[in-house]
Amino acid sequence: MRVLIIGAGIGGLSLALMLKARGVTCQIYEAAPRIRELGVGINVLPHAIAELSELGLLARLDEVAIRTRELIYTNRFGQEIWREPRGVEAGYEVPQFSIHRGHLQGVLRDAAWQRLGRSAVTCDHTFRSFVQEEGAVKARFRRAGGARTTIAADILVGCDGIHSAVRRQLYPHEKGFKWNGVLMWRGATAAKTFLDGRTMIVGGGFNNKLVLYPIARGRGGKQLINWVVTYRMGDGSSPPPRREDWNRRGTLRELLPHVARFSTPHVDLVKLVRGAPQFYEYPMADRDPLPRWTHGRVTLLGDAAHPMYPVGSNGASQAILDARCLADALVSAEHGRAALSAYEAERLPKTAEIVRNNRQGGPEGVIDEVERRAPDGFSDIDEVLSHAQREAIVKGYAQLAGFAKEQVNRSKPARKRHPSSARAGAARTLRSR
Ligand SMILES: Cc1cc2nc3c(=O)[nH]c(=O)nc-3n(C[C@H](O)[C@H](O)[C@H](O)COP(=O)(O)OP(=O)(O)OC[C@H]3O[C@@H](n4cnc5c(N)ncnc54)[C@H](O)[C@@H]3O)c2cc1C
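The rules behind each value
Residues numbered from 1 in each chain as written. Predicted model: local features only at pLDDT ≥ 70, side-chain atom pairs only at ≥ 80, totals over all residues. Heavy atoms only, no water. Pairing = 2+ DSSP bridges. Helix = DSSP H or I, 4+ residues; strand = E, 2+ residues; numbered from the N terminus. Axes fitted to C-alpha atoms, helices over the stretch in contact; angles between N-to-C directions. Buried < 20%, exposed > 50% of the residue type's maximum accessible area, 1.4 Å probe, protein only. Contact = heavy atoms within 4.5 Å. Near = heavy atom within 4 Å. Polar contact = N/O pair within 3.5 Å; in protein donor to acceptor, adjacent residues only side chain to side chain. Areas by Shrake-Rupley, 256 points an atom, 1.4 Å probe, with all protein chains shown as cover. Core = buried A, V, L, I, M, F, W, Y, C linked by side-chain atoms within 4.5 Å. Phe/Tyr/Trp six-rings, centres within 6.5 Å; stacked < 30°, edge-to-face > 60°. Lys NZ or Arg CZ within 6 Å of the ring centre and 35° of its normal. Patch = residues over 30% accessible without salt bridge, like charges linked within 9 Å, V, L, I, M, F, W, Y side chains within 5 Å. Salt bridge = Lys/Arg side-chain N within 4 Å of Asp/Glu carboxyl O. Lys, Arg positive; Asp, Glu negative; His and termini not counted. Charge placed at Lys NZ, Arg CZ, Asp CG, Glu CD.

Undergrad: Where do I start with the sheet that holds strand 10 (residues 136-142) in this structure?
TA: The pairing of strands in a sheet happens through backbone hydrogen bonds and is either parallel or antiparallel. One open sheet accounts for three strands, arranged 9-10-11; its pairing is antiparallel. In this open sheet, the two edge strands, each paired with only one partner strand, are strand 9 (126-133) and strand 11 (148-153). Averaged over all adjacent pairs, the angle separating strand axes in this sheet is 20 degrees, with direction ignored. Of the pairings in the sheet, the one linking strand 9 to strand 10 comprises seven bridges and is antiparallel in character. Residue F127 lies in a different strand from strand 10, and its bridge partner there is F141.

Following this line, the structure appears as structure tokens:
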């Protein structure tokens, strides 16, 4: 069986590594001229780290990421609402990582180059369309100079992100993104470590949120601190001011008034955002869950299948879980199309539920509710929202997204690790950065 993967992002590269580990031949085609380590910080939750650990990538991730130890929810004045240990400190067998998205992509890319060969990842091939014929699917690509190529395979997987062209061909009449009226600014600044250097803070409420967490070690007591500031500028009934683009630059003029709404004893926020070499603006948008991802020999994975609001740290994590499920299905089903159906039956309902829950705020619903009840702060959080009520919101989301401790620790990895290849990949990424 030959699998054609469209897109060398987090989902596409994870899938390629998992297929390789199972002896399935695959090839990735990526639109970008080369895989550059783009983006800012993301969190990858223990259920997804368990999969990357099984691929032998834990040591490499430890070199470039931070093991998140604790998560603190606060209001916009920095008053604590909820605090919980994360990752190993919370009893998981594997950590939660806060990581630069580009570094995660780099770790996956290096492992793919090493295990599948450099020729398995072909850049400068923008997917345009596919045709399904008896016994094969053929994908058409366009190169930067205008040249066209057609590649045939048994299975095609669209891992081509939020603006998926594969999805567009499957659903040409699908309406655009659903924007909830929230704009986000995201950046990463080399700054003094705060608290223990492994803590994530999520503060604010429904209208303005602040997220802070370190994503990499730095020199002289500094770390690379990832920050996100959000602002609800409407109810989402009109389109966002600018199209969803992960690389769109933001401006201090627009951002600083929103930063001024927050205070935290741990970080000088204005200095932090001013210190970022560049930062990005992004509208919080998703799409309605699809009725089907699979059409014959073609299916979708990751953001192409289920773009979701980036709350609750699930974008990359769910793409990795999709990849694991699809790789398992492709080795165990009698034929490829049956595998795609089994994959969809397992993953579509779960991810659709997360998309819907994220629209309600996901675990961050806890700070939304406190802000609604006590917009000017509180003297006793238990009088605003009881411990049991706060726990129900936060823990309920963990169950739903499949990363409650019992769920992760009982689903043991089924494949062998590749420690030596992970170490070799490590050396290469450090050199290439
Ligand atoms: C440049 C970039 C920066 C990002 N920054 C952040 C961030 O800072 N924070 C965050 O939470 N999430 C970020 N994301 C999104 C995050 O990576 C995803 O939500 C998540 O990891 C799911 O991964 P995915 O593989 O489904 O999609 P992605 O990781 O988005 O990967 C999709 C890949 O498909 C490629 N592609 C797109 N169209 C085509 C085409 N027609 N033909 C061939 N290839 C194509 C893209 O170039 C990309 O490499 C970013 C994504 C990108 C592409």
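Undergrad: What am I meant to see in the environment of I5 here?
TA: By the secondary structure assignment, I5 is in strand 1 (residues 2-6). Of the residues examined, I5 reaches a relative accessible area of 0% and is grouped as buried. Through-space distance from the C-alpha of I5 to that of L156 is 6.0 Å; in sequence the pair is 151 residues apart. Residues contacting I5, with those up to four places away along its chain left out, are G12, L15, A16, L19, C26, Q27, I28, Y29, V157 and C159.

Undergrad: How should the site of the ligand be read in this particular structure?
TA: Residues in contact with the ligand amount to 30 residues; listed here are only the nearest, G11, E30, R101, R186 and D303. Between G11 and the ligand, the recorded distance is 2.7 Å, taken from a backbone N or O atom to an oxygen atom. At 2.6 Å, a side-chain N or O of R101 approaches an oxygen atom of the ligand. Within the complex, 86% of the 920 Å² of free accessible area of the ligand lies under protein. When contributions to the shell around the ligand are tallied by element, the ones reaching two or more residues are helix 1 (10-21), strand 3 (41-44), strand 9 and helix 8 (315-332). At three residues, the largest contribution of residues to the shell around the ligand is made by helix 8.

Undergrad: What exactly am I supposed to notice about the sheet that holds strand 8 (residues 121-122) here?
TA: Spatial ordering of the open sheet is given by 8-2-1-12-18, a layout of five strands whose pairing is parallel. Sheet topology places strand 8 and strand 18 (298-300) at the edges, where each strand pairs with a single neighbour. Relative to the sheet, helix 9 (residues 336-359) contacts strand 12 (155-158) and strand 18, its axis offset from that of strand 18 by approximately 25 degrees.

Undergrad: Would you mind going over helix 10 (residues 365-373) with me for this structure?
TA: Note that an α-helix has 3.6 residues per turn; residues three or four places apart therefore point the same way. Most of helix 10 sits inside the fold, with seven of its nine residues counted as buried. Along helix 10, the residues classified as buried are G365, V366, I367, D368, E369, V370 and E371. Those residues of helix 10 that are buried are in contact with strand 5 (70-74), strand 6 (80-85), strand 14 (199-204), strand 15 (208-217), helix 11 (381-384) and helix 12 (387-400).

Undergrad: Mind showing me how you'd approach the nonpolar core here?
TA: Across soluble globular proteins, nonpolar side chains show a tendency to be buried alongside one another. One finds L15 and L156 to be the most contacted residues of the largest nonpolar core, which totals 72 residues. Looking at this core, the element that brings in the most residues is helix 8, giving eight residues. When sequence neighbours within four positions are dropped, the list of residues in contact with L156 reads L4, I6, F127, F130, V137, A139, V166, R297, V298 and T299. Formed by 32 residues, the second largest nonpolar core is a distinct cluster that contains A285, I367, L385 and V394.

Undergrad: Would you explain the packing of aromatic side chains in this entry?
TA: Each aromatic ring pair is specified by the distance between its two centres and by the angle formed by the two planes. Following the criterion strictly, the structure yields five aromatic pairs and no others. Here W293 and Y343 contribute two aromatic rings whose centre-to-centre distance is 5.5 Å and whose plane-to-plane angle is 50 degrees, an arrangement assigned as tilted. With a gap of 50 residues between them, W293 in the loop between strand 17 (279-286) and strand 18 and Y343 in helix 9 connect regions that are remote in the sequence. On the basis of relative accessible area, W293 is assigned to the buried category, the value being 1%. A connected cluster of aromatic rings, assembled from ring pairs, spans Y29, F127, F130 and F141. The positively charged end of R232 is found above the aromatic ring belonging to F206, 3.7 Å away from the centroid. When the ring centre of F177 is taken as origin, the NZ or CZ atom of R287, which lies over that ring, is 4.1 Å away.

Undergrad: I tried to follow a positive patch on the surface on my own but got confused; where do I start?
TA: Among the surface-exposed residues, R128, R148, R168 and R243 lie close enough to one another that they form a single positively charged patch. Counting through the fold element by element, R128 comes out in strand 9.

Undergrad: How should the environment of Q96 be read in this particular structure?
TA: Relative to the helices and strands, Q96 resides in the loop between strand 6 and strand 7 (97-100). Classification of Q96 as buried rests on a relative accessible area of 1%. Note: C-alpha distance between Q96 and V211 (115 residues apart in sequence) is 16 Å. Residues contacting Q96, with those up to four places away along its chain left out, are N43, V44, L45, P46, I66, R67, T68, R86, G87 and M200. Here the side chain of Q96 touches R86 through a polar contact of 2.9 Å, side chain to side chain.

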